[in-house]
Structures are given as structure tokens and as C-alpha cells.
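Summary of structural features
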Amino acid sequence: MLGRAVIFCLFPLLVFAAIRDTSRHLALPSIRSEMQKFFSEHVTQKKMTPEIASRALVHFINQFDPEHVYLLADEVEPFLTMNRAALGRLVEAFENEDYSVFSRLNTQIQEAIRKLRYFRRTMVVDIATFRELSNQVLPEIAESAQGDAVTFAKNEIELQRRHSIYLARLVGKELESYKALNRSLSFTDAVRNVVLELEAFENAYLYLNKEGKPLDETEKEQLFTLHILKALTASLDVHSEFFDPKEAQNLRMRLEKKYEGVGISVEAGGNAFLVSAIVKGSSADISGKITLGDELISIGQTKTKSLTLQEVESLLAGEVGSYVDLGFKRGGQAVYHVVLERRHTDI
């Protein structure tokens with residue numbers, strides 16, 4: 001099933017999911033062949049059209065900036081207001097494996113990120129200001145207006161206001177999430193956690209690793225290709241999506257109503273990973289030792305402090321039937337260890 005388009009049936013819905021072979025890297029030359037697999041399986045969309053090309057640009061923008069808090073109207077307008085002739089040239093470019101329009105758009109996104117990172121470093125950060133900002137309203141963007149340039153900020157002042165409100169709301173949610181897990185978190189640490197999470201997301205467009213260093217050319221091309229494929233497939237219909245291997249695994253588990261693993265979900269909070277859910281009937285649940293809000297300290301011999309969430313999830317995964325030693329800390333108590341089996345659990 002890996003490396004080809006497959007169709008999953010969700011009751012009356014058809015979900016098209018291209019699950020790539022993890023033994024090879026995504027690269028720009030694979031875009032056209034992957035899309036041909038989607039076209040061959042799709043009921044109505046059988047080839048690239050100007051309409052699909054137009055929607056793909058909208059999706060590429062909105063998968064990065066769905067809240068419209070990064071990009072200005074005049075930055076996205078050239079990509080959202082192309083005439084029929086220009087869109088026809090994009091179809092020709094696709095047939096010739098030319099994705100330079102997405103490269104130009106990604107360059108615009110990178111410039112927006114750098115500009116707002118500078119703004120975040122210079123903005124006033126105090127709890128009173130953030131409380132006031134969190135009560136302000138961000139423009140509601142209807143799904144039908146996602147591709148309309150007028151829904152984006154008109155100038156830098158408006159953009160900075162939107163970004164400040166967005167940041168304040170994320171900080172508020174971060175504080176609430178810790179409260180729900182019975183953990184304390186200072187305002188300063190909440191801001192730090194949110195900024196780190198934003199930067200981790202932004203790094204996928206800047207092509208930087210978690211240390212802020214440039215990725216190699218193969219990794220850059222893989223990320224760029226994935227972003228393009230996600231935009232193109234989402235443009236076919238509301239049920240089409242290109243999944244990376246992790247997303248594909250999660251989809252399989254939802255469809256089969258089976259969980260595979262030790263039975264915990266964790267969420268990142270800066271450099272800490274807190275248990276946010278425990279799967280009923282899993283090894284973690286049966287052990288009776290783990291509580292929501294416990295901090296995951298180690299996985300086997302690896303400390304989690306310097307890991308990304310993706311790396312933590314990768315280490316928690318493994319072959320069914322294998323065992324892993326997990327280290328946890330609860331409040332100010334000493335670290336405790338639990339050895340858990342990776343197993344199938346009905347959900």
C-alpha cells in the first residue's frame with residue numbers, strides 16, 4: 001500500500017490518501033506522478049486544470065496562514081488574482097514539472113516569517129497587555145473567502161495587531177492547557193513555549209532544523225514537495241489529502257478503530273512533554289502508574305529535553321510486542337520509570 005494512492009471509504013465519504021514509501025525521499029519530479037495517481041482514482045478530476053491550479057495557490061497560502069496573521073493583502077494578491085491565461089500557463093508549467101510559482105510564493109512566506117520574528121522580539125510582552133489583546137477580535141474568514149486578498153491585512157500596522165492578538169490567544173490557551181493538566185506555568189514560560197512552537201512550525205518554511213541551522217538540499221526539497229502536494233491534492237475536493245507516513249498511520253488507526261503503541265499522547269510545552277491522554281485498555285492504562293500532566297523525561301536511554309515532538313513520537317512508536325522503558329516526573333517528585341509494551345488496543 002505504501003508509495004501509491006489508496007482510497008479509504010468513510011461511510012458515504014471517499015478520502016483519497018497518497019501514502020508515500022518511507023524508504024525514498026519526496027522530490028519535485030515525483031509531484032506529477034503522485035498527482036497522476038490521484039487523477040486516476042478520482043471520480044471527476046482527471047487532469048490538471050486552471051481551476052485546480054488556482055485553488056492550489058489558495059491552499060498553499062492557507063495551509064501556512066489560515067488565520068491570515070502573517071501575510072499582507074498586497075503580498076498574496078498576485079497569486080490570488082491570476083487571469084485565465086496566467087492559470088493556463090500554470091497548467092503548462094505543471095505538465096513540464098515547473099513549480100516556480102510555488103517557489104516564489106514560498107519566498108514571500110519566508111520574508112513574512114522573518115519580518116514577524118523581528119516584530120515578536122521587539123513587542124511589549126506583559127500579562128496585562130496580553131490579557132487586553134486576547135479579548136480583541138480577529139477577522140472571521142469564511143471558507144468561501146479564503147482565496148480573497150481583501151481578507152488579509154492591508155498594512156504593517158494592521159498585520160502586527162493581528163499577529164499580537166493571535167500570539168496572546170495562543171498564550172492564553174497554553175496557560176489553560178497546563179491548568180487542565182493540573183500543572184502550573186508562569187506567564188513568561190507560556191510566552192516562551194508558544195514562541196518556540198511557532199518557530200518550529202515556521203522552520204518548515206524557512207528550511208531550518210530545530211537548532212535554527214539550514215537543512216540540507218534533500219531535506220529542503222522534501223519539505224517543499226510535501227507542501228506543494230498537500231496544496232494540489234486539497235484542490236481536488238474537500239476529501240482529498242496527501243498524507244506523510246505519520247498522518248497515514250493515524251488515519252489507518254482511526255479507520256480500523258485500533259491504536260498501536262504504548263498508549264499515551266503527549267503535547268509539547270517548550271522543552272517539556274506532558275501526558276495529555278491515556279488510551280483506555282492500553283499498556284499505559286493497565287499499568288495504573290501514569291497520570292495526565294506527568295512529564296515524559298526519557299524514552300529508553302534518550303532524554304526528551306532536546307527532542308522535537310516528532311522525534312518523541314517516533315521513539316514512542318515501534319514494533320508491536322516490543323517493550324520500552326519510559327521515565328516520568330510528577331510535580332516536584334522523583335523520576336519514576338515504567339516499562340510498557342507496544343500493543344494493539346481497540347479504540
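Scroll up for the structure.
Here's what I pulled together on the structure shown here. (Residues numbered from 1 in each chain as written. Predicted model: local features only at pLDDT ≥ 70, side-chain atom pairs only at ≥ 80, totals over all residues. Heavy atoms only, no water.)

1. Remarks on the environment of P66
The cut-off we apply is this: For helices the rule is a DSSP run of H or I covering at least 4 residues; for strands it is a run of E covering at least 2, with both sets numbered from the N terminus onward. Each residue is placed in one exposure class: buried if its accessible area under a 1.4 Å probe, protein chains only, is under 20% of its type's maximum, exposed if it is over 50%, and partly exposed if it falls in between.
Counting through the fold element by element, P66 comes out in the loop between α2 (50–64) and α3 (73–80). P66 gets classed as partly exposed once you look at its relative accessible area, which sits at 42%. The sequence separation of P66 and Q146 amounts to 80 residues, and the corresponding C-alpha distance is 8.0 Å.

2. Side note on the pairing of strand β7 (residues 295–299)
We apply this condition: When DSSP finds at least two bridges between two strands, those strands are taken to pair.
Of all five residues making up β7, five are buried, and the element is well covered by its neighbours. Bridge count between β7 and strand β9 (residues 323–329): four bridges; the pairing is antiparallel. Bridged to L296 within β9 is F328. The pairing of β7 with strand β8 (residues 302–303) spans two bridges and is classified as antiparallel. Following the sheet pairing, I299 is matched in β8 by T302. The hairpin turn running from β7 into β8, its antiparallel successor, is two residues long, and G300 in that turn takes a positive phi close to 65°.

3. Some words on the packing of aromatic side chains
Definition in use: Ring pairs shown here join Phe, Tyr and Trp side chains whose ring centres sit within 6.5 Å, with only the six-membered ring taken for Trp; geometry is labelled stacked below 30 degrees between planes, edge-to-face above 60, and tilted in between.
Under the defined criterion, the tally for this structure stands at eight aromatic pairs. Members of the aromatic cluster, joined through ring pairs, are F64, Y70, F201 and Y205.

4. Here's the deal with the side chain of H163
Heads up, the condition is: Contacts: residue pairs with any heavy atoms within 4.5 Å of one another.
Checked against the element boundaries, H163 lands in helix α7 (residues 156–180). In contact with H163, not counting residues within four places along its chain, are V69, Y70, L116, F119 and R120.

Purely spatial values, then, with no claim about function.
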